[in-house]
Each structure stands twice: as C-alpha cells, then as structure tokens.
Amino acid sequence: MGKIIMERIKFFISIIWFVCISIISPVWTGCIYMYITGHSKGYAYDLGSETDISIFLGIVFLILWLLAILPVTVSLCKKCYKKRKSLVLMPLLIFMVLFAAGVNIVSWKEFIKFFGYF
C-alpha cells in the first residue's frame with residue numbers, strides 16, 4: 001500500500017516538474033542561444049573579452065536545462081509505455097504544446113528577439 005502511494009506521489013511531482021520546465025523552456029532556450037552565440041548582454045552590445053565566459057555559461061545552462069527536462073521526460077515516456085505502447089510519445093507531444101504555450105505567454109515577438117530578429 002505504501003509503495004503505491006509513493007509511486008503516485010513521485011508521478012504527481014514528475015508531472016508538476018515537467019509542466020513547469022516545459023512552460024519556461026522557450027525563455028530558457030532563448031537565453032542559452034544568446035549565451036552560446038556570445039550575445040548574453042544583448043545583440044547591440046559587444047562583449048569583447050567576456051565572450052569566452054558567455055559561451056562557457058551557455059554550455060553550462062544547456063547542460064542544466066537538459067538535466068532538468070530529459071530525466072523526467074524519459075520517466076514519463078516509460079510510464080506511458082507501460083500503460084499502453086501507443087502512448088509512448090504523449091509526453092513529447094505535451095512538451096511541444098506546453099512549449100508553444102510558453103511562447104504564447106512570452107509573446108512570439110519577444111521569443112524571436114532571443115534569436116536576433118526584430
């Protein structure tokens with residue numbers, strides 16, 4: 001009985017974590033892109049000698065983002081696969097929908113600004 005309750009609590013926390021990370025992923029990926037390309041302070045500012053630090057921080061942020069999203073996504077995919085094999089892609093589809101919702105919250109114009117447009 002206790003094991004089933006713990007599994008449900010773990011699943012509930014995984015879903016909450018997955019939803020939160022999925023919604024903030026547009027901002028997170030945009031910032032990662034800016035850091036990796038050496039524009040961490042904006043596109044109108046030249047970092048000069050700080051570019052190396054910006055790129056390093058971008059790689060660190062990318063690793064942190066992957067550590068935040070991949071384990072829970074794989075766990076949810078396994079859970080869905082055990083339920084029914086045809087549901088294995090459900091977490092990925094939900095991620096895409098929540099990512100789009102995050103872009104909608106931020107606004108498309110602001111999201112595109114992360115990548116140097118507008």
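Residues numbered from 1 in each chain as written. Predicted model: local features only at pLDDT ≥ 70, side-chain atom pairs only at ≥ 80, totals over all residues. Heavy atoms only, no water.

Asks: Describe the side chain of serine 54, listing the residues and the values that go with them.
Replies: The residue serine 54 is located in helix α2 (residues 51–83) in this model. Here the side chain of serine 54 touches tyrosine 35 through a polar contact of 2.9 Å, landing on its backbone oxygen. Discounting residues that sit within four places of it in the chain, serine 54 has contacts with Met34, Tyr35, Ile36, Gly38, His39, Ser40 and Leu47. (Helix = DSSP H or I, 4+ residues; strand = E, 2+ residues; numbered from the N terminus. Polar contact = N/O pair within 3.5 Å; in protein donor to acceptor, adjacent residues only side chain to side chain. Contact = heavy atoms within 4.5 Å.)

Asks: Could you give me a rundown of the pattern of salt bridges, with the residues and numbers involved?
Replies: Evaluated as defined, the whole model comprises two salt bridges. Here lysine 79 and glutamate 7 are joined by a salt bridge, their closest N and O atoms 3.6 Å apart. Of this pair, lysine 79 sits in helix α2 while glutamate 7 is found in helix α1 (residues 2–36), placing the two residues 72 residues apart along the sequence. Residue classification places lysine 79 among the partly exposed positions, given a relative accessible area of 34%. Ionic pairing is found between glutamate 110 and lysine 113, a salt bridge with its closest N-O pair at 3.3 Å. Of this pair, glutamate 110 and lysine 113 both sit in helix α4 (residues 108–113), three residues apart, which is roughly one turn of the helix. (Salt bridge = Lys/Arg side-chain N within 4 Å of Asp/Glu carboxyl O. Buried < 20%, exposed > 50% of the residue type's maximum accessible area, 1.4 Å probe, protein only.)

Asks: Which residues make up a nonpolar patch on the surface, and what values do they have?
Replies: Together, Ile36, Ile55, Ile59, Leu62, Ile63, Leu64, Leu66, Leu67 and Leu70 make up an exposed nonpolar region whose accessible area comes to about 710 Å². The element contributing the most residues to the nonpolar patch is α2, with eight residues. A residue is classified by how much of its surface remains accessible, and isoleucine 59, at 40% relative accessible area, is partly exposed. (Patch = residues over 30% accessible without salt bridge, like charges linked within 9 Å, V, L, I, M, F, W, Y side chains within 5 Å. Areas by Shrake-Rupley, 256 points an atom, 1.4 Å probe, with all protein chains shown as cover.)

Asks: Just give me the short version of the environment of valine 60, but keep the residues and values in it.
Replies: Its location among the elements puts valine 60 in helix α2. Considered as a pair, valine 60 and isoleucine 32 are 28 residues apart in the sequence and their alpha carbons are 8.9 Å apart.

Asks: Could you give an account of the environment of leucine 62, naming the residues involved and the relevant values?
Replies: Here leucine 62 lies in helix α2. Separated by 31 residues in sequence, leucine 62 and cysteine 31 have C-alpha atoms that sit 9.5 Å apart. In this view, leucine 62 contacts Ile32 and Ile36; residues no more than four positions away in its chain are not counted.

Asks: Go over α2, please, and point to the residues and values.
Replies: If you check α2, its first and last C-alpha atoms are 48 Å apart, about what 33 residues at 1.5 Å a residue would give, namely 48 Å. Taken residue by residue, α2 has Ser54, Gly58, Trp65, Ala68, Ile69, Val72, Thr73, Leu76, Cys77 and Cys80 as its buried positions. Summarising the contacts, the buried residues of α2 are in contact with α1 and α3 (90–106). (Expected span 1.5 Å × (residues − 1).)

Asks: Before we move on, could you go through the packing of aromatic side chains and cite the residues and values that matter?
Replies: Under the defined criterion, the tally for this structure stands at seven aromatic pairs. Between tyrosine 33 and phenylalanine 115, the ring centres sit 4.9 Å apart and the planes meet at 50°, which makes this aromatic pair tilted. With tyrosine 33 in helix α1 and phenylalanine 115 in the segment after α4, this pair connects stretches of sequence that are 82 residues apart. Look at tyrosine 33 and you get partly exposed, because its relative accessible area is 35%. Given a relative accessible area of 25%, phenylalanine 115 falls into the partly exposed group. (Phe/Tyr/Trp six-rings, centres within 6.5 Å; stacked < 30°, edge-to-face > 60°.)

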